[in-house]
Amino acid sequence: MNGCSLCPRACGADRLHSAGVCGVPWKIKIGRACRHIWEEPPVSGTRGSGTIFFAGCPLKCAYCQNYALSRGEGREISVRQLADIFRLLEDSGAHNINLVTAAHYAYAVLQAAEIYRPSVPVVFNCGGYESVETLELLKDLVDIWLPDYKYALRSPAEKYSRAPGYPETALKALQYMRLIAPEDIFDKDGVMQKGMIVRHLVLPGNLQNTFAVLENTAKYLGKDTYFSLMGQYYPAGRAKDFPELSRPLKPLEYKLAVARAEKLGMENTFIQYSGKDEKSYTPVFDGTVTGGIYGAKC
């Protein structure tokens, strides 16, 4: 298919012959597939989330913790191999099939699901910078929406991700996700079956952006929205090009973010800050495909 418009960049690339702004052609590339236990508790559960990390990304976040993968490095696989990975992860006991940064492979994902449709929930794990038209394509496959809400302010979106239109684009996408998944449903063990969890990584030196994200979430998505307030930032990628991003997050910064969520009455917020080096939570993207749990002989 020519003239790609799957993401908001709408770069029009002929991805049959070259990469788009996302950094990849139509051919599927992945960095890893395994059961991952470092997602939010309702996603990871006790057996892990069957996670497929796709290569490429329409965003260009300077601090990306999956930097090389997001720029297009990865192992090539076929649509049938992707379907086989769905089956492998499900058979291994994963609670769900977790598609990480998959929008630019939307057609391939749908083709794989025609070969093997998972009987466990499908998670769409994304950066929030999504086209509503692409979400519409995927809505009958996806059960759980797991978007980032990186920026509510234009300045950091432009500075760190070259996406000045991110705030309005992401909010529109998140509102659409909430519209098509209005109810959060959990099984008897507290593992999500349908619904939405919004994520936000608190960036050092950018509390005003975090406050704006929290305020918009409460106002436009609802105070009862399941919200993951992530404090596991560490300098990665090109973060050291920006003095404010070249250090870990301070405990006080995270405490102030939590306080703002509490003040807004956001009752379903996951608190995630350990104060440790969070690099250990990021998988090694060497193309491994396994049904094992990452970090446990995976």
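To be clear, the structure that these remarks concern was listed above.
Residues numbered from 1 in each chain as written. Predicted model: local features only at pLDDT ≥ 70, side-chain atom pairs only at ≥ 80, totals over all residues. Heavy atoms only, no water.

### Regarding unusual backbone geometry
Then step 1. In this structure, T101 takes a positive phi of about 55° despite not being glycine.
Then step 2. Structurally, the position occupied by T101 is in the loop between β4 (97-100) and α4 (106-115).
Then step 3. A positive phi angle, near 55°, is found at R162, a position not held by glycine.
Then step 4. Relative to the elements of secondary structure, R162 occurs in the loop between α6 (154-161) and α7 (166-180).
Then step 5. Residue class for R162 comes out exposed when judged on its relative accessible area of 51%. (Helix = DSSP H or I, 4+ residues; strand = E, 2+ residues; numbered from the N terminus. Buried < 20%, exposed > 50% of the residue type's maximum accessible area, 1.4 Å probe, protein only.)

### Side note on the side chain of N209
Then step 1. Within the secondary structure, N209 sits in helix α8 (residues 207-221).
Then step 2. On the basis of relative accessibility, which here comes to 3%, the residue N209 falls in the buried class.
Then step 3. A polar side-chain atom of N209 sits 3.3 Å from the main-chain amide nitrogen of L153.
Then step 4. In contact with N209, other than residues within four places in its own chain, are K150, Y151, A152, L153, P156 and H200. (Polar contact = N/O pair within 3.5 Å; in protein donor to acceptor, adjacent residues only side chain to side chain. Contact = heavy atoms within 4.5 Å.)

### A few points about helix α9 (residues 251-263)
Then step 1. Helix length check: α9, at 13 residues, gives a terminal C-alpha distance of 18 Å against a target of 18 Å (1.5 Å per residue), a fit within 8%.
Then step 2. Within the sequence span of α9, burial applies to E253, Y254, A257, V258 and A261. Buried residues of α9 fall within an arc of 135° about the axis and therefore sit on the same side. Pointing more than 90 degrees away from the buried face of α9 are the exposed residues L252, K255, E262 and K263.
Then step 3. At its buried positions, α9 is contacted by α8, β9 (226-230) and β10 (269-272).
Then step 4. Once α9 finishes, G265 follows within two positions and takes phi at roughly 75°, a positive value. (Expected span 1.5 Å × (residues − 1). Arc of directions from axis to C-beta.)

### Considering the pairing of strand β2 (residues 49-54)
Then step 1. Most of β2 sits out of view: six of its six residues are buried.
Then step 2. Pairing geometry for strand β1 (residues 28-36) and β2, over six bridges, is antiparallel. The partner of R32 across the bridge, within β2, is F53.
Then step 3. Note that β2 and β4 share four bridges and pair parallel. Looking across to β4, one finds that G50 is bridged to I97. (Pairing = 2+ DSSP bridges.)

### Some points on the packing of helix α3 (residues 79-91) against α4
Then step 1. Closest axis-to-axis distance for the α3/α4 pair is 8 Å, and the angle between their directions is 60°. Considered as vectors, α3 and α4 are oriented oblique to each other. In this structure, the crossing between α3 and α4 has a hand that is right-handed. Residues V79, R80, L82, A83 and F86 of α3 lie in contact with α4, whose contacting residues are A108, V109, Q111, A112, A113 and I115.
Then step 2. Here the contact of α3 with α4 is composed, by residue class, of nine nonpolar, one polar and one charged. (Axes fitted to C-alpha atoms, helices over the stretch in contact; angles between N-to-C directions. Parallel < 35°, antiparallel > 145°, perpendicular 65-115°, else oblique. Left-handed = near helix turned anticlockwise from the far one by under 90°. Nonpolar A, V, L, I, M, F, W, Y, C, P; charged D, E, K, R; others polar.)

### Considerations on the packing of aromatic side chains
Then step 1. By the definition in use, this model includes eleven aromatic pairs.
Then step 2. Residues F54 and Y105 carry aromatic rings whose centres are separated by 5.6 Å and whose planes lie at 40° to one another, so their mutual orientation is tilted. Taken together, the residues span a long stretch of sequence, with F54 in strand β2 and Y105 in the loop between β4 and α4 at a distance of 51 residues.
Then step 3. Following the ring pairs from residue to residue traces out a cluster consisting of Y63, Y160, Y233 and F242.
Then step 4. Taking NZ or CZ as reference, R15 lies 4.4 Å from the ring centre of W26, over its face.
Then step 5. Sitting over the ring of F211, R260 keeps its end group 3.9 Å from the ring centre. (Phe/Tyr/Trp six-rings, centres within 6.5 Å; stacked < 30°, edge-to-face > 60°. Lys NZ or Arg CZ within 6 Å of the ring centre and 35° of its normal.)

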